[in-house]
Amino acid sequence: MFANSLKTGMLMFALIMLFTTIGGLLGSSEGAFIGLLIAGGMSFFSYWFSDKMVLSAYNGKEVTELNNPRLYRMVKNLAANAKLPMPKVYIIPERQPNAFATGRNPQHAAVACTEGLLEIMNDNELAGVLGHELGHVKHRDILISTIAATFAGAISNIARFLPYFGNSGDSRRRRNNTGTLMLFSFLAPIGAAIIQMSISRSREFMADRAGAEFSGNPLYLRDALNKLEAYSHNVAMSKQNPAYSHMFIVNPLSGIKGLADLFRTHPSTSDRIKELEKMAYDKHLM
(Lines give C-alpha, C1' and ligand atoms only; values in the text may rest on other atoms or scores of the structure.)
Protein backbone atom coordinates (compact mmCIF):
# COMPACT_ATOMS: atom_id res chain seq x y z
CA MET A 1 0.00 0.00 0.00
CA PHE A 2 2.84 2.38 0.88
CA ALA A 3 4.56 1.60 -2.43
CA ASN A 4 1.39 2.47 -4.37
CA SER A 5 0.99 5.72 -2.41
CA LEU A 6 4.61 6.58 -3.20
CA LYS A 7 4.12 5.83 -6.91
CA THR A 8 0.97 7.96 -6.95
CA GLY A 9 2.82 10.88 -5.41
CA MET A 10 5.68 10.49 -7.87
CA LEU A 11 3.29 10.46 -10.82
CA MET A 12 1.60 13.65 -9.63
CA PHE A 13 4.97 15.32 -9.05
CA ALA A 14 6.16 14.26 -12.51
CA LEU A 15 2.99 15.65 -14.06
CA ILE A 16 3.53 19.00 -12.33
CA MET A 17 7.17 19.15 -13.43
CA LEU A 18 6.24 18.21 -17.00
CA PHE A 19 3.65 20.95 -17.42
CA THR A 20 5.81 23.53 -15.65
CA THR A 21 8.78 22.76 -17.91
CA ILE A 22 6.73 22.88 -21.10
CA GLY A 23 5.05 26.07 -19.96
CA GLY A 24 8.48 27.59 -19.35
CA LEU A 25 9.66 26.61 -22.84
CA LEU A 26 6.60 28.13 -24.45
CA GLY A 27 6.19 31.23 -22.34
CA SER A 28 9.06 31.83 -19.92
CA SER A 29 8.09 32.41 -16.26
CA GLU A 30 4.46 33.22 -17.05
CA GLY A 31 4.15 30.03 -19.08
CA ALA A 32 5.75 28.00 -16.29
CA PHE A 33 3.24 29.38 -13.80
CA ILE A 34 0.32 28.58 -16.11
CA GLY A 35 1.72 25.06 -16.56
CA LEU A 36 1.95 24.68 -12.80
CA LEU A 37 -1.70 25.70 -12.40
CA ILE A 38 -2.83 23.31 -15.12
CA ALA A 39 -0.88 20.41 -13.60
CA GLY A 40 -2.21 21.17 -10.13
CA GLY A 41 -5.75 21.19 -11.47
CA MET A 42 -5.20 17.92 -13.32
CA SER A 43 -3.77 16.27 -10.19
CA PHE A 44 -6.79 17.38 -8.17
CA PHE A 45 -9.16 16.21 -10.87
CA SER A 46 -7.36 12.86 -11.24
CA TYR A 47 -7.68 12.11 -7.55
CA TRP A 48 -11.35 12.98 -7.17
CA PHE A 49 -12.97 12.44 -10.56
CA SER A 50 -10.86 10.27 -12.90
CA ASP A 51 -12.93 7.17 -12.05
CA LYS A 52 -16.09 8.94 -13.18
CA MET A 53 -14.32 10.03 -16.35
CA VAL A 54 -13.33 6.43 -17.19
CA LEU A 55 -16.82 5.08 -16.54
CA SER A 56 -18.35 7.90 -18.58
CA ALA A 57 -15.92 7.30 -21.46
CA TYR A 58 -17.25 3.75 -21.78
CA ASN A 59 -20.91 4.65 -21.08
CA GLY A 60 -20.98 2.62 -17.87
CA LYS A 61 -24.44 1.97 -16.42
CA GLU A 62 -24.72 1.28 -12.70
CA VAL A 63 -26.54 -1.91 -11.76
CA THR A 64 -28.40 -2.91 -8.62
CA GLU A 65 -29.57 -6.13 -7.06
CA LEU A 66 -32.96 -5.56 -8.68
CA ASN A 67 -31.93 -5.06 -12.30
CA ASN A 68 -29.01 -7.54 -12.37
CA PRO A 69 -29.11 -9.87 -9.35
CA ARG A 70 -26.55 -12.31 -10.79
CA LEU A 71 -23.79 -9.72 -11.17
CA TYR A 72 -24.61 -7.69 -8.07
CA ARG A 73 -24.79 -10.67 -5.69
CA MET A 74 -21.61 -12.18 -7.06
CA VAL A 75 -19.68 -8.96 -6.46
CA LYS A 76 -21.23 -8.70 -2.99
CA ASN A 77 -20.16 -12.23 -2.04
CA LEU A 78 -16.65 -11.76 -3.43
CA ALA A 79 -16.26 -8.43 -1.63
CA ALA A 80 -17.22 -10.19 1.61
CA ASN A 81 -14.61 -12.88 0.93
CA ALA A 82 -12.03 -10.13 0.35
CA LYS A 83 -13.17 -8.22 3.47
CA LEU A 84 -13.87 -5.16 1.32
CA PRO A 85 -16.74 -2.65 1.31
CA MET A 86 -19.30 -3.30 -1.40
CA PRO A 87 -18.14 -1.40 -4.51
CA LYS A 88 -20.44 0.12 -7.08
CA VAL A 89 -21.09 -2.18 -10.02
CA TYR A 90 -21.32 -1.09 -13.67
CA ILE A 91 -22.01 -2.70 -17.03
CA ILE A 92 -20.23 -1.43 -20.14
CA PRO A 93 -22.21 -1.75 -23.41
CA GLU A 94 -19.43 -3.48 -25.36
CA ARG A 95 -19.40 -6.86 -27.11
CA GLN A 96 -15.76 -7.54 -26.26
CA PRO A 97 -15.56 -9.49 -22.99
CA ASN A 98 -13.51 -7.46 -20.51
CA ALA A 99 -13.56 -5.85 -17.06
CA PHE A 100 -11.80 -3.21 -14.95
CA ALA A 101 -11.89 -1.62 -11.50
CA THR A 102 -11.51 2.04 -10.68
CA GLY A 103 -11.85 4.52 -7.80
CA ARG A 104 -9.61 6.32 -5.34
CA ASN A 105 -9.77 3.78 -2.49
CA PRO A 106 -11.72 0.68 -1.38
CA GLN A 107 -14.43 2.88 0.14
CA HIS A 108 -15.01 4.63 -3.21
CA ALA A 109 -14.41 1.79 -5.66
CA ALA A 110 -16.28 0.60 -8.72
CA VAL A 111 -16.12 -2.65 -10.67
CA ALA A 112 -17.18 -2.65 -14.32
CA CYS A 113 -17.60 -5.45 -16.83
CA THR A 114 -18.80 -5.54 -20.40
CA GLU A 115 -22.00 -7.07 -21.69
CA GLY A 116 -19.82 -9.45 -23.68
CA LEU A 117 -18.20 -10.76 -20.50
CA LEU A 118 -21.56 -11.58 -18.94
CA GLU A 119 -22.64 -13.41 -22.09
CA ILE A 120 -19.71 -15.82 -22.43
CA MET A 121 -18.71 -16.54 -18.82
CA ASN A 122 -20.27 -19.16 -16.58
CA ASP A 123 -20.63 -18.28 -12.90
CA ASN A 124 -17.27 -19.75 -11.87
CA GLU A 125 -15.38 -17.94 -14.62
CA LEU A 126 -17.19 -14.68 -13.91
CA ALA A 127 -16.30 -15.02 -10.20
CA GLY A 128 -12.64 -15.43 -11.19
CA VAL A 129 -12.70 -12.25 -13.27
CA LEU A 130 -14.53 -10.18 -10.67
CA GLY A 131 -12.26 -11.54 -7.96
CA HIS A 132 -9.28 -10.33 -9.99
CA GLU A 133 -10.77 -6.82 -10.15
CA LEU A 134 -11.41 -6.84 -6.41
CA GLY A 135 -7.77 -7.83 -6.03
CA HIS A 136 -6.86 -4.49 -7.60
CA VAL A 137 -9.18 -2.78 -5.13
CA LYS A 138 -7.68 -4.70 -2.19
CA HIS A 139 -4.13 -3.78 -3.21
CA ARG A 140 -5.13 -0.15 -3.86
CA ASP A 141 -4.02 -0.35 -7.47
CA ILE A 142 -7.13 1.47 -8.64
CA LEU A 143 -6.05 5.02 -7.79
CA ILE A 144 -2.63 4.80 -9.37
CA SER A 145 -4.16 3.13 -12.46
CA THR A 146 -6.68 5.92 -12.99
CA ILE A 147 -4.05 8.61 -12.41
CA ALA A 148 -1.69 6.83 -14.82
CA ALA A 149 -4.49 6.85 -17.40
CA THR A 150 -4.94 10.61 -16.95
CA PHE A 151 -1.18 11.12 -17.16
CA ALA A 152 -0.82 8.99 -20.29
CA GLY A 153 -3.70 10.82 -21.95
CA ALA A 154 -2.21 14.20 -21.04
CA ILE A 155 1.19 13.28 -22.48
CA SER A 156 -0.36 12.08 -25.72
CA ASN A 157 -2.41 15.25 -26.10
CA ILE A 158 0.58 17.47 -25.36
CA ALA A 159 2.63 15.66 -27.99
CA ARG A 160 -0.18 16.13 -30.52
CA PHE A 161 -0.49 19.89 -30.06
CA LEU A 162 3.09 20.95 -29.28
CA PRO A 163 4.11 21.46 -32.93
CA TYR A 164 1.49 24.22 -33.22
CA PHE A 165 3.06 26.15 -30.35
CA GLY A 166 6.67 25.78 -31.42
CA ASN A 167 6.44 28.77 -33.79
CA SER A 168 5.25 31.29 -31.20
CA GLY A 169 7.45 34.03 -29.68
CA ASP A 170 10.53 35.78 -31.07
CA SER A 171 12.96 34.16 -33.49
CA ARG A 172 15.57 33.39 -30.83
CA ARG A 173 13.07 31.58 -28.65
CA ARG A 174 11.77 29.66 -31.66
CA ARG A 175 15.27 28.42 -32.45
CA ASN A 176 15.93 27.39 -28.84
CA ASN A 177 12.61 25.65 -28.31
CA THR A 178 11.89 23.95 -31.63
CA GLY A 179 14.40 21.13 -31.16
CA THR A 180 13.29 20.46 -27.58
CA LEU A 181 9.63 20.42 -28.52
CA MET A 182 10.20 18.11 -31.48
CA LEU A 183 12.18 15.70 -29.30
CA PHE A 184 9.43 15.70 -26.69
CA SER A 185 6.76 15.12 -29.34
CA PHE A 186 8.69 12.04 -30.48
CA LEU A 187 9.44 10.63 -27.03
CA ALA A 188 6.13 11.43 -25.32
CA PRO A 189 4.11 8.45 -26.65
CA ILE A 190 6.94 6.09 -25.64
CA GLY A 191 7.01 7.66 -22.19
CA ALA A 192 3.26 7.23 -21.81
CA ALA A 193 3.53 3.54 -22.75
CA ILE A 194 6.36 2.99 -20.27
CA ILE A 195 4.32 4.59 -17.49
CA GLN A 196 1.38 2.28 -18.19
CA MET A 197 3.64 -0.76 -18.46
CA SER A 198 5.43 -0.07 -15.19
CA ILE A 199 2.11 0.34 -13.37
CA SER A 200 0.35 -2.67 -14.79
CA ARG A 201 2.49 -5.75 -15.42
CA SER A 202 3.45 -6.91 -11.92
CA ARG A 203 0.10 -5.82 -10.51
CA GLU A 204 -1.78 -8.16 -12.85
CA PHE A 205 -0.07 -11.21 -11.36
CA MET A 206 -0.89 -10.01 -7.84
CA ALA A 207 -4.51 -9.42 -8.76
CA ASP A 208 -4.69 -12.86 -10.38
CA ARG A 209 -3.56 -14.48 -7.13
CA ALA A 210 -6.05 -12.44 -5.14
CA GLY A 211 -8.85 -13.28 -7.58
CA ALA A 212 -8.06 -16.98 -7.24
CA GLU A 213 -8.28 -16.70 -3.46
CA PHE A 214 -11.48 -14.66 -3.37
CA SER A 215 -13.29 -16.91 -5.86
CA GLY A 216 -12.05 -20.09 -4.17
CA ASN A 217 -10.30 -21.80 -7.10
CA PRO A 218 -7.43 -20.59 -9.36
CA LEU A 219 -8.86 -22.63 -12.24
CA TYR A 220 -11.92 -20.37 -12.43
CA LEU A 221 -9.77 -17.43 -13.50
CA ARG A 222 -7.56 -19.73 -15.63
CA ASP A 223 -10.58 -20.79 -17.67
CA ALA A 224 -11.80 -17.21 -17.90
CA LEU A 225 -8.44 -15.98 -19.19
CA ASN A 226 -8.45 -18.66 -21.88
CA LYS A 227 -11.80 -17.36 -23.10
CA LEU A 228 -10.76 -13.72 -22.82
CA GLU A 229 -7.61 -14.34 -24.84
CA ALA A 230 -9.59 -15.97 -27.64
CA TYR A 231 -12.38 -13.37 -27.78
CA SER A 232 -10.32 -10.21 -27.27
CA HIS A 233 -8.43 -10.77 -30.53
CA ASN A 234 -11.62 -11.35 -32.51
CA VAL A 235 -14.03 -8.81 -31.02
CA ALA A 236 -12.91 -5.18 -31.01
CA MET A 237 -13.95 -2.49 -28.58
CA SER A 238 -16.11 0.15 -30.26
CA LYS A 239 -14.48 2.76 -27.99
CA GLN A 240 -10.69 2.36 -28.07
CA ASN A 241 -8.59 4.62 -25.87
CA PRO A 242 -4.94 3.58 -25.37
CA ALA A 243 -4.70 5.70 -22.20
CA TYR A 244 -7.11 3.33 -20.42
CA SER A 245 -5.86 0.03 -21.85
CA HIS A 246 -3.81 -0.92 -18.78
CA MET A 247 -6.90 -0.82 -16.55
CA PHE A 248 -8.64 -3.81 -18.16
CA ILE A 249 -8.09 -7.44 -17.20
CA VAL A 250 -6.83 -8.10 -20.74
CA ASN A 251 -5.63 -5.48 -23.20
CA PRO A 252 -8.75 -4.22 -25.03
CA LEU A 253 -6.76 -3.06 -28.05
CA SER A 254 -5.81 -5.19 -31.03
CA GLY A 255 -2.95 -7.67 -30.80
CA ILE A 256 0.55 -6.29 -30.21
CA LYS A 257 3.26 -7.38 -32.59
CA GLY A 258 7.00 -6.95 -33.00
CA LEU A 259 8.94 -4.25 -31.15
CA ALA A 260 5.76 -2.79 -29.63
CA ASP A 261 5.50 -5.96 -27.54
CA LEU A 262 8.20 -4.46 -25.32
CA PHE A 263 5.68 -1.81 -24.23
CA ARG A 264 2.67 -4.05 -23.69
CA THR A 265 0.69 -3.10 -20.61
CA HIS A 266 -0.17 -6.68 -19.62
CA PRO A 267 1.92 -9.79 -19.02
CA SER A 268 1.25 -12.55 -21.53
CA THR A 269 -1.89 -14.53 -20.86
CA SER A 270 0.06 -17.77 -21.10
CA ASP A 271 2.34 -16.67 -18.24
CA ARG A 272 -0.66 -15.72 -16.14
CA ILE A 273 -2.30 -19.07 -16.78
CA LYS A 274 0.89 -20.91 -15.77
CA GLU A 275 0.95 -19.07 -12.44
CA LEU A 276 -2.71 -19.90 -11.78
CA GLU A 277 -2.17 -23.57 -12.63
CA LYS A 278 0.80 -23.64 -10.25
CA MET A 279 -1.47 -22.24 -7.52
CA ALA A 280 -4.06 -24.92 -8.29
CA TYR A 281 -1.41 -27.65 -8.18
CA ASP A 282 -0.12 -26.41 -4.82
CA LYS A 283 -3.69 -26.51 -3.48
CA HIS A 284 -4.12 -30.05 -4.88
CA LEU A 285 -6.84 -28.88 -7.26
CA MET A 286 -5.13 -30.39 -10.31
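Since the model is a prediction, treat every value here as computed from it, not as a measurement. (Residues numbered from 1 in each chain as written. Predicted model: local features only at pLDDT ≥ 70, side-chain atom pairs only at ≥ 80, totals over all residues. Heavy atoms only, no water.)

A. Fine view of the overall build of the protein. Regarding its fold elements, the protein presents 8 helices and 4 strands. Secondary structure elements of the protein, listed N to C terminal, follow the sequence α-β-α-β-β-β-α-α-α-α-α-α. Counting the 286 residues in the protein, one finds 49% classified as buried. Taking the contacts inside the protein whose residues are at least 6 apart along the sequence as the reference set, 71% of them involve residues at least 24 apart. Summed over all atoms, the accessible surface of the protein reaches about 14,000 Å², with 60% contributed by carbon and sulfur. (Helix = DSSP H or I, 4+ residues; strand = E, 2+ residues; numbered from the N terminus. Buried < 20%, exposed > 50% of the residue type's maximum accessible area, 1.4 Å probe, protein only. Contact = heavy atoms within 4.5 Å. Areas by Shrake-Rupley, 256 points an atom, 1.4 Å probe, with all protein chains shown as cover.)

B. Region of the structure containing the sheet that holds strand β3 (residues 99-103). What the 4 strands build is an open sheet, ordered β1-β2-β4-β3; its pairing is mixed. Every other strand in the sheet has two partners, leaving β1 (61-62) and β3 as the edge strands with one partner each. Direction of pairing for strand β2 (residues 88-92) relative to strand β4 (residues 109-114): parallel, over a ladder of 5 bridges. The residue of β4 that forms the bridge with valine 89 is valine 111. Seen against the sheet, helix α2 (residues 69-81) touches β2 and β4 and runs at an angle of roughly 140° to β2. (Pairing = 2+ DSSP bridges. Axes fitted to C-alpha atoms, helices over the stretch in contact; angles between N-to-C directions.)

C. Molecular detail of a nonpolar patch on the surface. Residues Phe44, Phe45, Trp48, Phe49 and Met53 make up a contiguous nonpolar surface patch of about 460 Å² in total accessible area. With respect to the helices, strands and loops of the structure, phenylalanine 49 is situated in helix α1 (residues 2-57). (Patch = residues over 30% accessible without salt bridge, like charges linked within 9 Å, V, L, I, M, F, W, Y side chains within 5 Å. Salt bridge = Lys/Arg side-chain N within 4 Å of Asp/Glu carboxyl O.)

D. Local environment of the pairing of β2. With respect to burial, β2 is a largely interior element, 4 of its 5 residues being buried. Where β1 meets β2, 2 bridges bridge the pair, whose relative direction is antiparallel. The residue of β2 that forms the bridge with glutamate 62 is tyrosine 90.

E. Seen up close, the packing of helix α7 (residues 218-232) against helix α8 (residues 269-282). Running from N to C, α7 and α8 point in directions that differ by 160°, and their axes come no closer than 8 Å. Put simply, α7 runs roughly antiparallel to α8. The way α7 lies across α8 gives a crossing that is left-handed. Packed against α7, whose contacting residues are Pro218, Leu219, Leu221, Arg222, Leu225, Asn226 and Glu229, the element α8 presents Thr269, Arg272, Ile273, Leu276, Glu277, Met279 and Ala280 at the interface. Classifying every residue of the contact of α7 with α8 gives 8 nonpolar, 2 polar and 4 charged. (Parallel < 35°, antiparallel > 145°, perpendicular 65-115°, else oblique. Left-handed = near helix turned anticlockwise from the far one by under 90°. Nonpolar A, V, L, I, M, F, W, Y, C, P; charged D, E, K, R; others polar.)

F. Structural detail: the pairing of β4. Among the 6 residues in β4, 6 count as buried, and that is most of the element. With burial as the criterion, each face of β4 is covered, one bearing Ala109, Val111 and Cys113 and the other bearing Ala110, Ala112 and Thr114. Relative to β4, β3 is paired through 5 bridges, and the arrangement is antiparallel. Its bridge partner lying in β4, alanine 101 is registered against valine 111.

G. Unusual backbone geometry, seen in detail. In this structure, asparagine 59 takes a positive phi of about 55° despite not being glycine. The residue asparagine 59 is located in the loop between α1 and β1 in this model.

H. Fine view of the pattern of salt bridges. A complete count under the given rule lists 9 salt bridges for this structure. In this structure, glutamate 204 and arginine 272 form a salt bridge, with 3.5 Å as the shortest nitrogen-oxygen distance. Placement of glutamate 204 in helix α6 (residues 171-215) and of arginine 272 in helix α8 is noted, with a sequence separation of 68 residues between them. By relative accessible area, arginine 272 is classed as buried at 0%. Note that arginine 272 is salt-bridged to aspartate 208, the shortest N-O span being 2.8 Å.

I. Helix α4 (residues 123-138), seen in detail. Counted at 1.5 Å a residue, the expected span for α4 with its 16 residues is 22 Å, and the 22 Å between its end C-alpha atoms agrees. Within α4, 13 of the 16 residues are buried, leaving the element largely enclosed by the surrounding structure. At the N-terminal end of α4, a side-chain oxygen is found 3.1 Å from the backbone nitrogen of asparagine 124, two or three residues along, and the residue is asparagine 122. (Expected span 1.5 Å × (residues − 1). Polar contact = N/O pair within 3.5 Å; in protein donor to acceptor, adjacent residues only side chain to side chain.)

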